[in-house]
Amino acid sequence: MTTLRIPTPLRTYTSGKSEVNVSGAKISEALADLTTQYPAIKPHLFNENGELRPFVNLFVGEHNIKDLQGVDTPIKDGDKVMLIPSIAGG
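Scoring rules and cut-offs
Residues numbered from 1 in each chain as written. Predicted model: local features only at pLDDT ≥ 70, side-chain atom pairs only at ≥ 80, totals over all residues. Heavy atoms only, no water. Helix = DSSP H or I, 4+ residues; strand = E, 2+ residues; numbered from the N terminus. Rg over C-alpha atoms; globule rule 2.2 N^0.38 Å. Buried < 20%, exposed > 50% of the residue type's maximum accessible area, 1.4 Å probe, protein only. Contact = heavy atoms within 4.5 Å. Areas by Shrake-Rupley, 256 points an atom, 1.4 Å probe, with all protein chains shown as cover. Lys, Arg positive; Asp, Glu negative; His and termini not counted. Charge placed at Lys NZ, Arg CZ, Asp CG, Glu CD. Core = buried A, V, L, I, M, F, W, Y, C linked by side-chain atoms within 4.5 Å.

Q: Residues and numbers for the overall build of the protein, please.
A: Secondary structure assignment for the protein yields two helices and five strands. Secondary structure elements of the protein, listed N to C terminal, follow the sequence β-β-α-α-β-β-β. Taking 90 residues into account, the globule formula puts the C-alpha radius of gyration at 12 Å, and the protein, at 12 Å, falls close to it. Its C-alpha atoms put the protein at 35 × 30 × 25 Å along the principal axes. Within the protein, buried positions represent 34% of all 90 residues. In the protein, the proportion of contacts linking residues at least 24 apart, taken out of those at least 6 apart, comes to 44%. Summed over all atoms, the accessible surface of the protein reaches about 5400 Å², with 53% contributed by carbon and sulfur. Looking at charge distribution, the protein has the averaged site of its 9 positive side-chain charges lying 6 Å from that of its 10 negative ones.

Here it is in structure tokens:
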């Protein structure tokens, strides 16, 4: 299992959990498992076309998946994935 760290603003959709165990061999599969477990989080991560929203950042360890293979980035048991939404200010 892979551990997916949920940021505080999205914990409302994961029953308050800060970490969720997900399965899958790549990020897209882990996110599919997450949205199966917690369907209410899906519109906050994906647009109407099923694509990851641009303000959603996922890190495997210290590496942003946007710098790797995107949602096709492979993951393995024991990996820590962090979900970090971009925050606008001004």
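Q: For helix α1 (residues 27–37), give the residues involved together with the corresponding values.
A: Buried within α1 we find I27, A30, L31, D33, L34 and T35. The inward-facing, buried residues of α1 abut β1 (2–5), β2 (19–22), α2 (42–45), β3 (56–60) and β5 (80–85).

Q: Could you give an account of the nonpolar core, naming the residues involved and the relevant values?
A: L4, I27, L34, L45, L58 and L83 are the most contacted members of the largest nonpolar core, which has 20 residues in total. Contributing elements (two or more residues each) for this core: β2, α1, β3 and β5. For this core, the leading source of residues is α1, giving four residues. Sequence-distant contacts of L58, defined by excluding residues within four places in its chain, comprise L4, I27, L31, L52, H63, N64, I65, V81, M82 and L83.

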